[in-house]
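# Topology and contacts: notes
Each chain, letter by letter, is given below.
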Amino acid sequence: MFWVLLLLMAWSAAGVSCTRLCLAALRAPSLDADVGRGHELTLYEAAFLSGGPARVADLTLVSMARQRRLLLAHTGWATVVDPRGRDDMERSVIGAIGPEGQSRIAPLRAATAAADSVRRLADRLVAAGLAVPDGARTDVTGAVRQVRAAAAAVLALGGAALLLPGQAPGSGVPVAVWFLLPLVLTVSCLAIARIEVHPCTRWASPAGQRLLGTLAGHADASGDDRTYLTSVAVRGVRAIGEPELRAALAHRDRDTAWTAGGSTGG
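Read on for an overview of the structure. Position numbers for residues start from 1 in each chain and track the written sequence from start to end. This being a predicted model, a pLDDT of at least 70 is required before a residue's local features are given, and a value of 80 or more before pairs of side-chain atoms are given or counted; all residues contribute to the totals for chains, interfaces and linings. The side-chain values count all of the structure's non-hydrogen atoms but skip hydrogen atoms and water molecules.

### Description of the overall build of the protein
Here is the rule we go by: Helix and strand definitions follow DSSP, with helices as H or I runs of at least four residues and strands as E runs of at least two, each counted in order from the N terminus. Whether two residues are in contact is decided by their heavy atoms: any pair within 4.5 Å suffices. Each accessible area value is a Shrake-Rupley result obtained with a 1.4 Å probe; residue values ignore everything except the protein chains displayed when judging cover.
On a plain count of helices and strands, the protein comes out with 10 helices and three strands. Shown N-terminal to C-terminal, the secondary structure of the protein runs as helices and strands in the order α-α-β-β-α-β-α-α-α-α-α-α-α. For the protein, the proportion of contacts with a sequence separation of at least 24, taken over those separated by at least 6, is 70%. Summed over all atoms, the accessible surface of the protein reaches about 14,200 Å², with 61% contributed by carbon and sulfur.

### Topic: the sheet that holds strand β2 (residues 77–80)
As a reminder of what qualifies: Think of it this way: DSSP has to see at least two bridges between two strands before they count as a pair. Lines fitted to the C-alpha atoms define the axes, with helices restricted to the stretch that makes contact. Angles between their N-to-C directions range from 0 to 180 degrees.
Spatial strand order, β1-β2-β3: three strands in an open sheet with antiparallel pairing. Of all strands in the sheet, those with a lone pairing partner are β1 (70–72) and β3 (102–104), marking the two edges. Averaged over all adjacent pairs, the angle separating strand axes in this sheet is 20°, with direction ignored. Strand direction decides the pairing type here: β2 and β3, joined by three bridges, are antiparallel. In the strand pairing of β3, Ala78 is matched with Ser103.

### Notes on unusual backbone geometry
Residue Arg68 is not a glycine yet carries a positive backbone phi of 60°. Tracing the sequence through the fold places Arg68 in the loop between α2 (43–66) and β1.

### Observations regarding the pattern of salt bridges
Threshold: Salt bridge, as used here: a side-chain nitrogen of Lys or Arg that lies within 4 Å of a carboxyl oxygen of Asp or Glu. Whether a residue is buried, partly exposed or exposed follows from its accessible area with a 1.4 Å probe, protein chains only, as a fraction of its type maximum: under 20%, in between, or over 50%, in that order.
All chains considered together, the criterion is met by eight salt bridges. Across the pair Arg120 and Asp88 runs a salt bridge, and its minimum N-O distance is 3.7 Å. Of this pair, Arg120 sits in helix α5 (residues 116–127) while Asp88 sits in helix α3 (residues 88–97); the two residues are 32 residues apart in sequence, bridging distant segments of the chain. Since its relative accessible area comes to 41%, Arg120 is described here as partly exposed. A single network of salt bridges, built from pairs that share partners, joins Arg66, Asp225 and Glu242.

Rendered as structure tokens:
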């Protein structure tokens, strides 16, 4: 009756993976029509939901540069013009630049994205149900993969049981039927997850995506200053119209790529 041991292995794989998927689905952001109702996104919130901490840093740099309180040179350097930050994000930028008043844009962007002010912003959005909690989307994706792997394992174990000689069950029920039960469990869990677990972006929950959708139509780089910054928050640095400012941030990207390549090479 060696096939019974294989059956126990199949049930174990199916049970563990399906339990993990159910727990991950419970922690995933829900599609609640009331979540976020009446909430008006700030520019920083829109930036985070669209592109995460890095987008918030980009928006802050662009906003300060347009107000002539920060100079972003095409050479890849940022220089403080006005050392008085008007909010926590701007104070984070000025603090990251340091007392000398100058910094390379790449490390400045990284330090701003990792600042406490950005983490507090993320916590507020998660608490409001607008942002995806850390690891939630990864948990669901990993759980779905585990259930798929369990389904494949059930098929493999069932096939192995059928190939074993002299493994007919005493009750007369075919061996394949016993392995069909855990297979149905895993396939059913995948089908339910596909229906019930609503898609999220990396940063925005379904409610956050809904609010972002209301901003997308008002994001126009050719409009007034707020409309311009809304475009940068939603679309990123590709929405920047000024050639010099775009060159400065493009220099940032080249610095980041060069640093990554240098680290790999070392």
